[in-house]
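Summary of the model geometry
The residues making up each chain are set out below.
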Amino acid sequence: MPSPGRRTVLRGVAGAAALGAGIPLLSACGGSGAAADPKTVTLGSNASDAVPKKAFAEIYAAFTKKSGITVDVNTKDHNTFQEQINSYLQGTPDDVFNWFAGYRMQFFAAKKLATPIDDVWRKIGVNFPDAMKALSKGEDGKYYFVPISTSIWGVFYRKSVFQQHGYTVPTTWDQLVALCKQMKKDGMVPIAFGDKDAWPALGTFDQINFRTNGYDFHVELMAGKASWTDAKVRTAFDHWAELLPYHQDGAVGRTWQDAAQTLISKKAGMYLFGSFVAQQFTNKADLDDLDFFAFPEINPAYGQDTVEAPTDGFMLSKAPKNKDGALKLLEYLGSPEAEQIYLKSDPSLVAASSKADTSSYTALQKKAYATISGAKHLTQFMDRDSRPDFTSTVMQPALQKFVRDPKGVDGLLASIERQKKTIFASG
């Protein structure tokens, strides 16, 4: 069963056309319909899988015990929730709903389909680092989101493999390329890679682009404001083309899970992926041997200041029936206590709060937590940082085409730009 970490990067792809398309959607995703009750808060949940569903139920029970307010949960299938989110929020949504940080949140905030929660943040702000605060704000500078958990993307490797061969962790692009060359000489696949489901390559582009061109340009590109024919984008693809020969062959026909197996079996030396890759390490000795490093510096002007950390949380709908109760719930959801209840469900995720108790974290979780907390900028993932109808219909096939054949990139980028203009102009 896919865990919350796995779904982190799948979200939005299945519901590509829903965001911003304004198409009629099923009424099944309407709110629970409960009448206004000062002792009840309604909550629209996408946590349909057993593990997160149970974890959230425990959080809501703890909140009810503290406040006397019952949480009436309206759970929908995860992908169905994504597909129907547009009409759901325009109809009669629940008071509070699950959603994602960054651009995906800002889109609905800008359409006035969510309520600002600055009062909540005046109380919970001390619990979060600055980068997490930035992820929770709309374009108008107001807060609309309470984060609860996050994962991290980095370069994963086996400590024993690095020790055996005397490899050192690369911190610059040249060091990374040199390490890849050495791994190839040593008979290994330098970088495991599986893009059969089309989304893993999005994460590779993200890392290379914000390392090459910086956080601000990356955000503008994802938002449709910068051009894909800009020379900066070509430079990012040139870097990727240099690294591509060290990626696992036949990536488009391989799942991410199969790519992970080559890291487990020590046939591959590294794997650029999300921390939920740890779920594939079912043997404790193998899991204890797993480590990661931040993607190396490409442009010294930006160093390693940006970290990709897809973040999940909650928002307040446009006209909540029980606003006072909903605000109390959101305040509780932003507490370290609530996060710790949730994080018992999946050790591949970490708390969004900088005040959460990390004493029960694995070494991998502690490192992920420290890396996220210390980042100057946090990104989400391309299908969250941009319109999912653009990333799924344009970027996924485009990047697969590039991976198969990195030649002709100028024509590819021109095609992406043409399609981007059409999609982003549709509102």
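Structure first, text after, so check above.
These notes cover the structure that comes with them. Small disclaimer: the values here were computed from a predicted structure and weren't measured.

The rules we used
Residues numbered from 1 in each chain as written. Predicted model: local features only at pLDDT ≥ 70, side-chain atom pairs only at ≥ 80, totals over all residues. Heavy atoms only, no water. Phe/Tyr/Trp six-rings, centres within 6.5 Å; stacked < 30°, edge-to-face > 60°. Helix = DSSP H or I, 4+ residues; strand = E, 2+ residues; numbered from the N terminus. Buried < 20%, exposed > 50% of the residue type's maximum accessible area, 1.4 Å probe, protein only. Expected span 1.5 Å × (residues − 1). Arc of directions from axis to C-beta. Pairing = 2+ DSSP bridges. Contact = heavy atoms within 4.5 Å. Axes fitted to C-alpha atoms, helices over the stretch in contact; angles between N-to-C directions. Polar contact = N/O pair within 3.5 Å; in protein donor to acceptor, adjacent residues only side chain to side chain. Parallel < 35°, antiparallel > 145°, perpendicular 65-115°, else oblique. Nonpolar A, V, L, I, M, F, W, Y, C, P; charged D, E, K, R; others polar. 1 Å grid on protein atoms, 1.4 Å probe; cavity = no way out; pocket = protein on both sides within 12 Å on 5 of 7 lines; lining within 4 Å. Points joined across faces, edges and corners; volume = space filled by probe spheres on them. Salt bridge = Lys/Arg side-chain N within 4 Å of Asp/Glu carboxyl O.

This next bit is on the packing of aromatic side chains. For the structure shown, the criterion picks out 33 aromatic pairs. Arranged with centres 5.0 Å apart and planes meeting at 80 degrees, the rings of F237 and F402 form a pair that is edge-to-face. Of this pair, F237 sits in helix α11 (residues 231–243) while F402 sits in helix α18 (residues 388–404), and the two are 165 residues apart along the sequence. Across this residue pair, the class does not change: F237 and F402 are buried. Ring geometry for Y271 versus F273: centroids 4.8 Å apart, planes at 15 degrees, classification stacked. Residue classification places Y271 among the buried positions, given a relative accessible area of 1%. Site record: aromatic cluster; members linked through ring pairs are W153, W199, W256, Y271, F273, F276 and F381.

One full turn of an α-helix is made of 3.6 residues, so residues set three or four places apart face in the same direction. Its 13 residues give helix α9 (residues 173–185) an end-to-end C-alpha distance of 19 Å, which sits within 8% of 18 Å, the value for a rise of 1.5 Å per residue. For α9, the full list of buried residues reads W173, L176, V177, L179, C180 and M183. Projected down its long axis, α9 shows its buried positions confined to an angular sector of 160 degrees, all on one face. Turned more than 90 degrees off the buried face of α9, the exposed positions are D174 and K185. G187 lies just past α9 and shows a positive phi near 85 degrees.

Moving on: the sheet that holds strand β1 (residues 40–45). Pairing is mixed in the open sheet, where six strands are placed in the order β2-β1-β3-β10-β4-β11. Strands with a single pairing partner mark the edges of an open sheet, and in this sheet they are β2 (70–75) and β11 (350–351). Both β1 and β2 contribute to a ladder of six bridges, which runs parallel. Residue pairing for β2: T40 is matched across the bridge by T70. Across the face of the sheet, helix α5 (residues 103–110) comes into contact with β3 (96–100) and β10 (311–316) while running at roughly 130 degrees to β3.

Looking at where S45 falls in the secondary structure, it is placed in strand β1. Setting aside anything within four residues of it in sequence, one finds S45 in contact with V73, N74, T75, K76, F81 and N98. Among the polar contacts made by the side chain of S45, one reaches the main-chain amide nitrogen of A47 at a distance of 3.0 Å.

Packed helix pairs are characterised by how far apart their axes lie and by the angle those axes make with each other. Their axes nearest at 10 Å, the elements α11 and α18 cross at an angle of 45 degrees. On the basis of the axis angle, α11 is oblique to α18. Residue-level inspection shows F237, W240 and A241 of α11 in contact with α18, the latter providing L399, F402 and V403. Looking at the contact of α11 with α18 residue by residue, the class counts come to six nonpolar, no polar and no charged.

Another point: the environment of V252. Checked against the element boundaries, V252 lands in the loop between α11 and α12 (256–264). Residues V252 and T379 lie 127 residues apart in sequence; the distance between their C-alpha atoms is 25 Å. Apart from the residues lying within four places of it in its own chain, the contact partners of V252 are D195, K196, Q400, V403 and R404.

As a further point, take the pairing of strand β8 (residues 290–293). Residues L290 and F292 of β8 are buried on one face, and the alternating residues D291 and F293, pointing to the opposite face, are buried as well. Across four bridges, strand β5 (residues 153–158) lies against β8 in antiparallel orientation. Paired with F156 across the bridge in β8 is F292.

Now for the sheet that holds β5. With mixed pairing, four strands are arranged side by side in an open sheet as β6-β7-β5-β8. With partners counted over all chains shown, the strands left at the sheet margins are β6 (189–192) and β8, one partner each. On average, adjacent strands in this sheet sit at an angle of 30 degrees to one another, irrespective of strand direction. Sheet topology note: the β6/strand β7 (residues 268–274) ladder contains three bridges and is parallel. By the bridge assignment for β7, I191 is matched with M270.

Attention now moves to the packing of α18 against helix α19 (residues 409–424). For the pair α18 and α19, the least separation of the axes is 10 Å and the interaxial angle reads 175 degrees. Judged on the interaxial angle alone, α19 and α18 are roughly antiparallel. Packed against α18, whose contacting residues are D389, F390, T393, V394, M395, A398, K401 and F402, the element α19 presents V409, L412, I416, Q419, K420, I423 and F424 at the interface.

Attention now moves to empty space enclosed by the protein. Applying the stated criterion to the full structure yields four cavities of 30 Å³ or more. By volume, the second largest cavity amounts to about 60 Å³. Every residue along the wall of the second largest cavity is listed here: V155, L176, I191, L243, H247, M270, L272 and F295. Of the residues belonging to the lining of the second largest cavity, the class tally is seven nonpolar, one polar and no charged.

The next thing to look at is the pattern of salt bridges. Taken as a whole and assessed by the stated rule, the structure comprises 14 salt bridges. With a closest N to O distance of 2.3 Å, D119 and R122 form a salt bridge. Note that D119 and R122 are positioned in helix α6 (residues 118–124) at a spacing of three residues, about one turn of the helix. A relative accessible area of 63% means that R122 is categorised as exposed. For the salt bridge of K123 with E331, the shortest nitrogen-to-oxygen distance reads 3.6 Å. One end of the pair, K123, is in helix α6; the other, E331, is in helix α14 (residues 323–333), and 208 residues separate them in sequence. Note on E331: relative accessible area 30%, which makes it partly exposed. When salt bridges with common partners are traced through the structure, they connect R158, D286 and D289 into a single cluster.

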